[in-house]
Amino acid sequence: MKILFINGSPNKNGNTAHLASILLNNKEYETLNLTDFTIGSYGQNLPYDGLDQVIKKMKEANTIVIGSPLYWHNICGAVRNMLDRFYGKVNEGELSGKKLYFVFQGAAPEKWMLDAGEYTMKRFAGLYGMKYIGMITNTEEGKNLNKTI
């Protein structure tokens, strides 16, 4: 089984990566830090765009973990750009059979913020055929969902 962790945080070894490491404890996985890639907003055509590389890695994986810090009450910009840019590049159902986990953390998130992020990830998973397994917002949830990988 190939596991891919996509880290949307600009802090490569920060809280998002730490929470993902709890979820993925004792599992072998590859990490992609979105800040290492040029991924513009939807509609931009930037030289050296890295989204195709990220999509290629997602297609190779069986399990995908997307991690985002909670910024301005929602998913961070790096993850949002990646999700937005899938439109027109990836066909509906093209990632069928893959499991998707969502690591979402912030200093003091309110329930509505977490609900909004999870809604987005559930819709993203469903559109591209992935099975959404769940959201990890703390250590306990990470340990519990570790058993499902």
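All of these numbers come straight from a predicted model, not from anything done at the bench.

> Please explain the pairing of strand E6 (residues 131-136) as it appears in this structure.
Pairing analysis gives five bridges linking strand E5 (residues 99-105) to E6, with the strands arranged parallel. By the bridge assignment, Leu-100 is partnered in E6 with Tyr-132.

> Help me understand the pattern of salt bridges in this model?
One side chain can pair with another of opposite charge once the charged atoms of both are near each other. On inspection of all chains with the given rule, the structure shows nine salt bridges. Residue Arg-85 is joined to Asp-49 by a salt bridge in which the shortest nitrogen-to-oxygen separation is 2.9 Å. Note that Arg-85 is positioned in helix H3 (residues 77-85) and Asp-49 in the loop between strand E2 (30-33) and helix H2 (51-60), a separation of 36 residues in sequence. For Asp-115, the salt bridge goes to Lys-111, with nearest N and O atoms at 2.7 Å.

> Help me understand the packing of aromatic side chains, please; the structure alone is not making it clear to me.
In this description, a pair of aromatic rings is defined by centroid distance and the angle of the planes. Counted by the stated rule, this structure contains five aromatic pairs. On the numbers, 5.0 Å between centres and 75 degrees between planes, the contact of Phe-86 with Phe-124 is edge-to-face. In this pair, Phe-86 sits in the loop between H3 and E5 while Phe-124 sits in helix H4 (residues 111-127), placing the two residues 38 residues apart along the sequence. Take Phe-86 and Phe-124: they sit in the same class, and that class is buried. Here the aromatic cluster, defined as three or more aromatic residues joined through ring pairs, consists of Phe-86, Phe-124 and Tyr-128.

> Hey, could you run me through the side chain of Thr-16 in this one?
Summarising the element assignment, Thr-16 is placed in helix H1 (residues 15-23). In terms of polar contacts, Thr-16 uses its side chain to reach the side chain of Gln-105, at 3.0 Å.

> Explain the pairing of strand E3 (residues 63-71) to me, please; I cannot follow it from the model alone.
Successive residues of a regular strand alternate their side chains across the two faces of the sheet. The buried fraction of E3 amounts to eight of the nine residues, a majority that puts the element mostly inside the structure. When strand E1 (residues 3-7) meets E3, the two strands line up parallel, connected through five bridges. Bridge pairing in E3 places Leu-4 opposite Ile-64. Bridge count for E3 against E5 is seven bridges, and the pairing is parallel. Its bridge partner lying in E5, Val-65 is registered against Tyr-101. Note that E3 and strand E4 (residues 74-75) share two bridges and pair antiparallel. Opposite Tyr-71, over in E4, you have Asn-74 as the bridge partner. Linkage of E3 to E4, two consecutive antiparallel strands, is achieved through a turn of two residues, within which Trp-72 is found at a positive phi near 50 degrees.

Conventions we followed
Residues numbered from 1 in each chain as written. Predicted model: local features only at pLDDT ≥ 70, side-chain atom pairs only at ≥ 80, totals over all residues. Heavy atoms only, no water. Pairing = 2+ DSSP bridges. Helix = DSSP H or I, 4+ residues; strand = E, 2+ residues; numbered from the N terminus. Salt bridge = Lys/Arg side-chain N within 4 Å of Asp/Glu carboxyl O. Phe/Tyr/Trp six-rings, centres within 6.5 Å; stacked < 30°, edge-to-face > 60°. Buried < 20%, exposed > 50% of the residue type's maximum accessible area, 1.4 Å probe, protein only. Polar contact = N/O pair within 3.5 Å; in protein donor to acceptor, adjacent residues only side chain to side chain.

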